[in-house]
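Here are the chains, one letter per residue:
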Amino acid sequence: MNDIDVLAKSIPGCEEISRISPEEIHAKVMFKIGPVRARFAGKLLLSDVVPDQSCSMAFEGSGGAAGFAKGRSRVELKAAEGGTLITYTTEASIGGKLGQIGGRLISASAKKIADDFFQRFAKELGGEVMPLESDAQAE
């Protein structure tokens, strides 16, 4: 999570990324949410970092006329048979033109973006994503 090159390859639609400080990362990302396609410029702040165990991430970005997005994610790492189990929660909110799309579509898009990120992240680290039982039943 601290390697800018890994993050750049893991963040869907990442066009540019730079580390401002150990806790702050700036990025430009292209997202398509429902019928709206927008380029967001924003920042990611890491907090509550416990090396090799967990961290919290807060993100916020502006997509110009499309609106803004902000949210939080909590990531936990646990040793597991054959690798590492990564669990995460994500919550996001949006405003502006994107806010008019509807909550269900936004929630589904936010979940897809988070899932895509962690699938790419696992691939970059040489692993694979295996859904938990509850995730497989929910879909």
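For the structure, check the block above.
Positions within a chain are numbered from 1, following the residues in the order the chain's sequence is written. Under the rules for a predicted model, residues below a pLDDT of 70 receive no local features and side-chain atom pairs below 80 are neither given nor counted, while totals for whole chains, interfaces and linings still include all residues. Calculation of side-chain values draws on the structure's entire complement of heavy atoms; hydrogens and water are dropped beforehand.

Would you mind showing me how to read the overall build of the protein chain here?
Only DSSP runs of H or I with at least four residues qualify as helices, and only runs of E with at least two residues qualify as strands; both kinds are numbered from the N terminus onward. The helix and strand inventory of the protein chain stands at three helices and six strands. Of the regular secondary structure in the protein chain, the N- to C-terminal order runs α-β-β-β-β-β-β-α-α. In the protein chain, which comprises 139 residues, the share counted as buried stands at 27%. Split by element, the accessible area of the protein chain, about 9000 Å² in all, is 52% carbon and sulfur. Throughout, exposure labels follow a simple rule: accessible area from a 1.4 Å probe, protein chains only, divided by the maximum for the residue type, with under 20% read as buried, over 50% as exposed, and the rest as partly exposed. Residue-level accessible areas treat just the shown protein chains as cover; the underlying method is Shrake-Rupley with a 1.4 Å probe.

Explanation requested: the pairing of strand β5 (residues 68-80) in the structure shown.
Sheet topology note: the strand β4 (residues 54-62)/β5 ladder contains nine bridges and is antiparallel. By the bridge assignment, Glu60 is partnered in β5 with Lys70. Adjacent in sequence and paired antiparallel, β4 and β5 are bridged by five residues, among which Gly64 carries a positive phi angle near 60°. For two strands to be treated as a pair, DSSP must find at least two bridges joining them. Two successive antiparallel strands, β5 and strand β6 (residues 83-95), enclose a turn made up of two residues, where Gly82 displays a positive phi of approximately 80°.

In this structure, what is going on with the pattern of salt bridges? I would like to understand it.
Between Lys or Arg on one side and Asp or Glu on the other, a salt bridge is scored when a side-chain nitrogen of the former is within 4 Å of a carboxyl oxygen of the latter. Evaluation of the coordinates by the stated rule reveals three salt bridges. In this structure, Arg39 and Glu15 form a salt bridge, with 2.5 Å as the shortest nitrogen-oxygen distance. On the criterion of sequence distance, the pair formed by Arg39 in strand β3 (residues 36-50) and Glu15 in strand β1 (residues 14-21) is long-range, its members being 24 residues apart. Owing to a relative accessible area of 42%, Glu15 belongs among the partly exposed residues under this scheme. Arg74 is paired through a salt bridge with Glu76; the nearest N and O atoms lie 3.9 Å apart.

Everything listed here is a matter of geometry and, on its own, says nothing about what the molecule does.
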